[in-house]
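# Fold and geometry: a report
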Amino acid sequence: MKIRILTLGLLYLLSFQAFPQNLKALVGGTLIDGFGGTPIRNSVIIVEGERIKAVGQVGSLAIPAGAEVISTEGMSVLPGLWDMHVHLMLNGHSDYTHWDSTYIDVFESVIMPSSAHQLLMAGVTSARDLGAPLEASINVRERINRGEIPGPTIYVSGPFIQKAPYPGTEAFRWGVNGAADARAKVKKLIDAGVDVIKLIDQDQMTLEEAKAVVDEAHKYGKMVVGHSHRPDEIRIGLQIGVDNFEHTGLSSAPEYPEDIMRMMKERAAKMNLGPLFWTPTVEGLFNYEYVRDNPEKLDDTSWHLGLPDSIIRDIRASLRFPGRMSYFQLTPVRKPTLDRKFAQLKESGVVMLVGTDSGIPMKFHSQSTWNELDVWVNHFGMDPLLTIKAATYWPAVAMKVDKDYGTISEGKYADIIAVRGDVLRYINLLQDVDLVMKHGRKVK
């Protein structure tokens, strides 16, 4: 009798494993898997629990009995997007000084969770947050990981490392005084659990200080993300081994100087070091004049998600005169340089990543990412498949999590989005994502 009971119990367990209740099948859509190859028509994606179990096509991959079938007919299906440069502590307000002094005490409890939720609803299932108070950064990331609040998988830098913080920004900008202090500040961030180190104003540091930042980060396997606003920020960054540069930079100068291009090409040729990554963040610059002259998009209520009425009113009031913002006055002079600089980056051999600077004035987390992809494709002429790859596959590689993220393939987390229509022909369909799945759970 005992043997019979054990046998029946074993059969029950085997049947449960064969037909688990947490199976889902996404069926019928055109799959853009993130690798950059030919899309798979009439796709089938089997999700078991948090991960992707199998990928195939209707007629060749059977749908397991008991699976929840999710129709993606007529839809483009792709990996959840990454945004590699967001600021969760910002949400579009035009006055940084006012924002920081008024809301820093609710960054962790209100502002950052709101920003994260907006990103997730926009189809961004992974994001890199570059600059915020340390404790708030870690706590928000962990609350998302525990499922307590909705948001993408977040990778945080905590405070910037720079020569000297600007007045009133000491909570999220840390200055360094000497190489030993630089190493100590980086070690403090790493001990607290940051994912990357954010370095700015490296041209204002001594070479020893700047090199100490990078060396200490690399000692513990952390990548260094560096600003590229000024020529010497790039020159020094390349010299000391910065892994990923941000922005197009160089203000209104028409192009990157020849010596910088030579250094970039030389670094890109060093295969043993891996790719040199670059996040151009062009959307804010490129679209400013359009938003200034067509401000209706500022009334889109998607950016209200998670914010109390008082903060919504404050943000809206700060955007009353888009054409008067000092933040953007040089932008019309800088915008014409973007074509050449973007082309130079492509020519240099760097691997470009989609990131937006989301949260800066008039740029909301609910809108920024799709706008970046739209500018890459419809203005700069980037192949839509490669643009999607720059927002899925390559970010996961850069963050060294490509075993788990970045593509729709067997064994990876089921971070999947879908939009009705052909996203390769109309990339701006991403402004209204129909389905968002994170770690196998439908969140939209």
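Since the model is a prediction, treat every value here as computed from it, not as a measurement.

## Quick word on the packing of helix H3 (residues 107–121) against helix H4 (residues 134–145)
- Where H3 meets H4, the closest approach of the two axes is 10 Å, and the angle between their N-to-C directions is 55°. With respect to H4, the axis of H3 lies oblique. Crossing of H3 over H4 shows right-handed handedness. Contacts from Glu 108, Met 112, Pro 113 and Ala 116 of H3 reach H4 at Glu 135, Ala 136, Ser 137, Asn 139, Val 140, Arg 143 and Ile 144.
- Grouping the amino acids of the contact of H3 with H4 by side-chain chemistry returns 6 nonpolar, 2 polar and 3 charged.

## Some points on the nonpolar core
- Counting residues in hydrophobic clusters, the biggest one holds 97 residues, and the most contacted among them are Ile 161, Ile 197, Leu 199 and Leu 430.
- Ranked by residues supplied to this core, first place goes to H3 with 6 residues.
- Non-local contacts of Leu 199, meaning those with residues more than four positions away in its chain, are made with Ile 161, Met 205, Val 213, Val 214, Val 224, Val 225, Gly 226, His 227, Ile 240 and Val 242.
- Val 196, Val 351, Ala 396 and Tyr 413 belong to the second largest nonpolar core, which has 17 residues in total.

## Some thoughts on the UniProt feature "domain: Amidohydrolase-related" (unreviewed entry) in the protein
- Here, the residues flagged by UniProt with the feature "domain: Amidohydrolase-related" (unreviewed entry) are residues 77–443.
- Overall, residues 77–443 shows 39% helix and 14% strand. The separation of its end C-alpha atoms is 15 Å.

## Some thoughts on the sheet that holds strand E6 (residues 75–79)
- In space, the 5 strands of this open sheet follow the order E2-E6-E17-E18-E19, with mixed pairing throughout. The sheet is open, and its two borders are formed by strand E2 (30–31) and strand E19 (441–442), each paired with just one other strand.
- As paired strands, strand E17 (residues 416–420) and strand E18 (residues 435–438) are joined by 3 bridges and run antiparallel to one another. Across the sheet, the residue bridging to Ala 418 is Leu 435, located in E18.

## Brief notes about the environment of Pro 280
- Relative to the elements of secondary structure, Pro 280 occurs in the loop between strand E15 (277–279) and helix H9 (283–293).
- The spacing of Pro 280 and Leu 298 is 18 residues in sequence and 23 Å in space, taken between C-alpha atoms.
- Every residue in contact with Pro 280, bar those within four places of it in the chain, is listed here: His 247, Thr 248, Phe 342, Leu 345, Met 352, Leu 353 and Trp 376.

## A short note on empty space enclosed by the protein
- Summed over the entire model, instances satisfying the criterion amount to 2 cavities of 30 Å³ or more.
- For the largest cavity, the calculated volume is near 50 Å³.
- Lining of the largest cavity is provided by Pro 79, Gly 80, Trp 82, Thr 125, Ser 126, Asp 404, Tyr 405, Gly 406, Thr 407, Tyr 413 and Asp 415.
- Across the lining of the largest cavity, the residue classes break down as 4 nonpolar, 5 polar and 2 charged.
- Considering only enclosed or pocket space, the second largest cavity measures out at about 40 Å³ in volume.
- Residue lining of the second largest cavity: Glu 283, Lys 297, Met 362, Lys 363, Phe 364, Gln 367, Ser 368 and Asn 371, and that is the complete set.
- Its residues placed into classes, the lining of the second largest cavity shows 2 nonpolar, 3 polar and 3 charged.

## So, the sheet that holds strand E8 (residues 124–129)
- Taken in spatial order, the 3 strands of this open sheet run E7-E8-E9, and their pairing is parallel. Among the strands making up the open sheet, the edge pair consists of strand E7 (81–86) and strand E9 (153–156). With direction set aside, neighbouring strand axes in the sheet form an average angle of 15°.
- Note that E8 and E9 share 4 bridges and pair parallel. Across the sheet, Ala 127 pairs through a bridge with Ile 154, a residue of E9.
- Packed onto the sheet, H3 meets E7 and E8 and runs at close to 140° relative to E8.
- Packed on one face of the sheet, H4 meets E8 and E9 and runs near 160° to E9.

Here is what the cut-offs are and how they apply
Residues numbered from 1 in each chain as written. Predicted model: local features only at pLDDT ≥ 70, side-chain atom pairs only at ≥ 80, totals over all residues. Heavy atoms only, no water. Axes fitted to C-alpha atoms, helices over the stretch in contact; angles between N-to-C directions. Helix = DSSP H or I, 4+ residues; strand = E, 2+ residues; numbered from the N terminus. Parallel < 35°, antiparallel > 145°, perpendicular 65-115°, else oblique. Left-handed = near helix turned anticlockwise from the far one by under 90°. Contact = heavy atoms within 4.5 Å. Nonpolar A, V, L, I, M, F, W, Y, C, P; charged D, E, K, R; others polar. Core = buried A, V, L, I, M, F, W, Y, C linked by side-chain atoms within 4.5 Å. Buried < 20%, exposed > 50% of the residue type's maximum accessible area, 1.4 Å probe, protein only. UniProt positions renumbered as here; feature names shortened; annotations may be inferred. Pairing = 2+ DSSP bridges. 1 Å grid on protein atoms, 1.4 Å probe; cavity = no way out; pocket = protein on both sides within 12 Å on 5 of 7 lines; lining within 4 Å. Points joined across faces, edges and corners; volume = space filled by probe spheres on them.

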